[in-house]
Amino acid sequence: MQQRNHGTWVILLSFFVAYLLAIVPFPDWAMNYRPQWVAMVLIYWAMALPYRVGIGFAWMAGLVMDLLEGSLLGLNALALAIIAYITLSLHQRLRMFSSLQQSGVVLALVGLHLMMTHWMKIAAEQAVASNLLFLLGALSSAFIWPWMFVLLRQMRRGFGVR
Amino acid sequence: MSLEYRVAAFVVLSMAVMFADSRFDYLDRVRYSLGFLTAPVYWLADTPARVSNWIDDVFVSHGDLIEENERLREELLFAQRELQLLAGLATENNRLRALQEASASVNGRVLPAEIINVSSTPGTRRVLINRGATDGVLVGQALLDAHGLMGQVVEVLPFTSWVMLITDSRHGTPVQVNRNGERAVARGSRGDVPELELEFVPDTSDIEVGDLLVSSGLGQRFPKDYPVAEVTSVVHDRGQPFAVIKARPLAQMDSTRHVMLLALTGNEADRGDGTAPVWVDTAQNKPAVPIEEQIEELSASPQEEVVNPEPDSVSPDEPLPSEVADILPEEPSNQQE
């Protein structure tokens, strides 16, 4: 049992860095290209350690994101819980995929995440409907995914997170 | 199988939390107390900007510094001259208002602040400033930079506050044309360009390109006569019921870091948000300062009106009389739909 919960701090640290990257101010033109770091880190851990990072963890992570963004509480939580659900139900197939295929899945998942948060923000009157350029964030996330995957896998193996 | 039930449970939970957060205000307390935890994250995320500012400050040549110093001295001289005029005008204005038994309108109590983060959500224009409830910030306070009005505080956390910019498409700023007093509401544009659109202005109104728009003080949120924007295009389209007028905000929304928070005038109280209404109440209960004293203060040392950033000295020891006291404070939904 002690072996099972090994290296929690690595998971938390990776999420913390993802939060930092998510709120670091970008110049205006680059706003739409901002990768969804938190969603990507979540997808990785849900895929690698599905028995540790589950839907509840994703929900809490989303709640922290809501606090940091100043958005409606529960908005990112809902989106990330659904992302975690999809990842968990696909995780065995995802592990078999090549990095290109994984990028495709990340593109779809992050795109779904962006769409869901966008719709909810419009429904909650926290934003107004604009163009769909914000979906470029999914593209940049998918582009970064292979490197991020390798980095997080190195961290997981190096620190023996199980 | 349990996965489906779990995700369904969390979806329902999120919806309940979202509903509670949007309809009731007890989650605001939670959000406020958790602000103690999020402040260090913002501080860390702001580090790159601070470091680059520091580098700009440190690695600068002696000649550049001298040049900049000279330029600043020159600007200060001009500004001082205008300030002298302003003090005279303010005195005269207040005296005239006193004759008409209207309340004094000139006040300049500000709190310097810095923009430390920008909202990443597309379709909104909000910034985070490094002043919060501990500095006495209240919902509804106006934010200025050196050139004009920037926005208003919409959410106060312990050490930080979210400010909605006037270019947000959900924000309407009551403005008037400085030249002739023509009134309008300037709404943030929906496009990617941060500009303002004047709403429901009849085709016959006298607004021209280059007109300066100042805040009209209607709506009881922004103080009167602060510069807001400059009209950049006026299109009279017969196919449309109103003129299409666009304006460029004078405040440097995306390049400035140093901003000022303007103190609230008397009865623009926080509307039961629970964040810091005590601050305003104590101010309201105190007796009003006679206009003569204010005039003396103003004409004696106008440049000392800037309040120190220490939290203690921020609390208002005298109320700032609002200019249109007979208009009821309006609901926030009217201001930001």
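Residues numbered from 1 in each chain as written. Chains lettered and ligands numbered in written order. Predicted model: local features only at pLDDT ≥ 70, side-chain atom pairs only at ≥ 80, totals over all residues. Heavy atoms only, no water.

It is worth spelling out the nonpolar core at this point. Core analysis: the largest hydrophobic core is formed by 51 residues, its most contacted members being Phe15, Val38, Tyr44, Trp45 and Trp145 of chain A. At the level of elements, α1 (8–23), α2 (37–48), α3 (55–69), α4 (75–96), α5 (99–123) and α6 (136–158) of chain A together with α2 (26–45) and β5 (161–165) of chain B are the ones that each hand at least two residues to this core. Looking at this core element by element, the count peaks at eleven residues for α2 of chain A. Those residues in contact with Phe15 of chain A, other than ones at most four positions away along the chain, are Val38, Val41, Leu42, Trp45, Phe57 and Ala61 of chain A. (Core = buried A, V, L, I, M, F, W, Y, C linked by side-chain atoms within 4.5 Å. Buried < 20%, exposed > 50% of the residue type's maximum accessible area, 1.4 Å probe, protein only. Helix = DSSP H or I, 4+ residues; strand = E, 2+ residues; numbered from the N terminus. Contact = heavy atoms within 4.5 Å.)

Let's shift gears to the pairing of strand β2 (residues 126–129) of chain B. Residues and elements named next belong to chain B. Across the two faces of β2 the burial is the same, with Arg126 and Leu128 and Val127 and Ile129 all buried. Two strands pair when backbone bridges link them, and β2 and β5 are joined in this way by four bridges, in the antiparallel orientation. Across the sheet, the residue bridging to Ile129 is Ser161, located in β5. (Pairing = 2+ DSSP bridges.)

Each partner contributes residues to the interface: chain B has 38 residues there, and chain A has 41 residues. Taken over both partners, the interface formed by chain B and chain A buries close to 3,400 Å², and the fraction arising from carbon and sulfur atoms is 68%. When the buried surface of chain B facing chain A is broken down by residue, Met18, Arg31 and Ser120 of chain B rank first, second and third, together holding 16% of it. At the boundary of chain B and chain A, one finds zero salt bridges. Where chain B meets chain A, there are nine residue pairs in polar contact (both at pLDDT 80 or more). Mapped onto the side of chain B that touches chain A, the elements with two or more residues apiece are α1 (2–23), α2 and β1 (110–118) of chain B. (Buried area = accessible area lost by both parts, 1.4 Å probe. Salt bridge = Lys/Arg side-chain N within 4 Å of Asp/Glu carboxyl O. Polar contact = N/O pair within 3.5 Å; in protein donor to acceptor, adjacent residues only side chain to side chain.)

In this section: the sheet that holds strand β3 (residues 142–144) of chain B. Residue and element names in this part refer to chain B. Within the closed barrel, the six strands sit side by side as β1-β2-β5-β4-β3-β12. Their pairing is antiparallel. The sheet shows a mean angle of 45 degrees between the axes of neighbouring strands, taken without regard to direction. As paired strands, β3 and strand β12 (residues 258–262) are joined by two bridges and run antiparallel to one another. Counted as the bridge partner of Leu144 is Met260 from β12. (Axes fitted to C-alpha atoms, helices over the stretch in contact; angles between N-to-C directions.)

Attention shifts here to the packing of α1 of chain A against α3 of chain A. Residue and element names in this part refer to chain A. Running from N to C, α1 and α3 point in directions that differ by 30 degrees, and their axes come no closer than 11 Å. As α1 packs across α3, the resulting crossing turns out to be right-handed. Residue-level inspection shows Ile11, Leu12, Phe15, Tyr19, Ala22 and Ile23 of α1 in contact with α3, the latter providing Phe57, Ala61, Val64, Met65 and Leu68. The residue makeup of the contact of α1 with α3, split by class, is eleven nonpolar, no polar and no charged. (Left-handed = near helix turned anticlockwise from the far one by under 90°. Nonpolar A, V, L, I, M, F, W, Y, C, P; charged D, E, K, R; others polar.)

Counting all residues, the mean pLDDT for chain A is 89, and 97% of those residues have values of 70 or more. When pLDDT is averaged over each element of chain A, α2 of chain A comes out on top at 94 and α1 of chain A at the bottom at 91. (pLDDT = per-residue confidence, 0-100.)

Once that is clear, we can look at the packing of aromatic side chains. Counting across every chain of the model gives 13 aromatic pairs over all chains. Ring centres of Trp9 of chain A and Phe159 of chain A lie 5.0 Å apart, and the angle between their planes is 75 degrees; on these two criteria the pair is classed as edge-to-face. Of this pair, Trp9 of chain A sits in helix α1 while Phe159 of chain A sits in the segment after α6, and the two are 150 residues apart along the sequence. Centroid distance Phe36 of chain B to Phe159 of chain B: 5.4 Å. Interplanar angle 80 degrees. Geometry classified as edge-to-face. Remark: Phe159 of chain B occurs in the loop between β4 (149–156) and β5 and Phe36 of chain B occurs in helix α2; sequence separation between them is 123 residues. Taking the relative accessible area as the measure of exposure, Phe36 of chain B reaches 43% and is therefore partly exposed. Exposure remark for Phe159 of chain B: the relative accessible area of 36% places this residue in the partly exposed category. (Phe/Tyr/Trp six-rings, centres within 6.5 Å; stacked < 30°, edge-to-face > 60°.)

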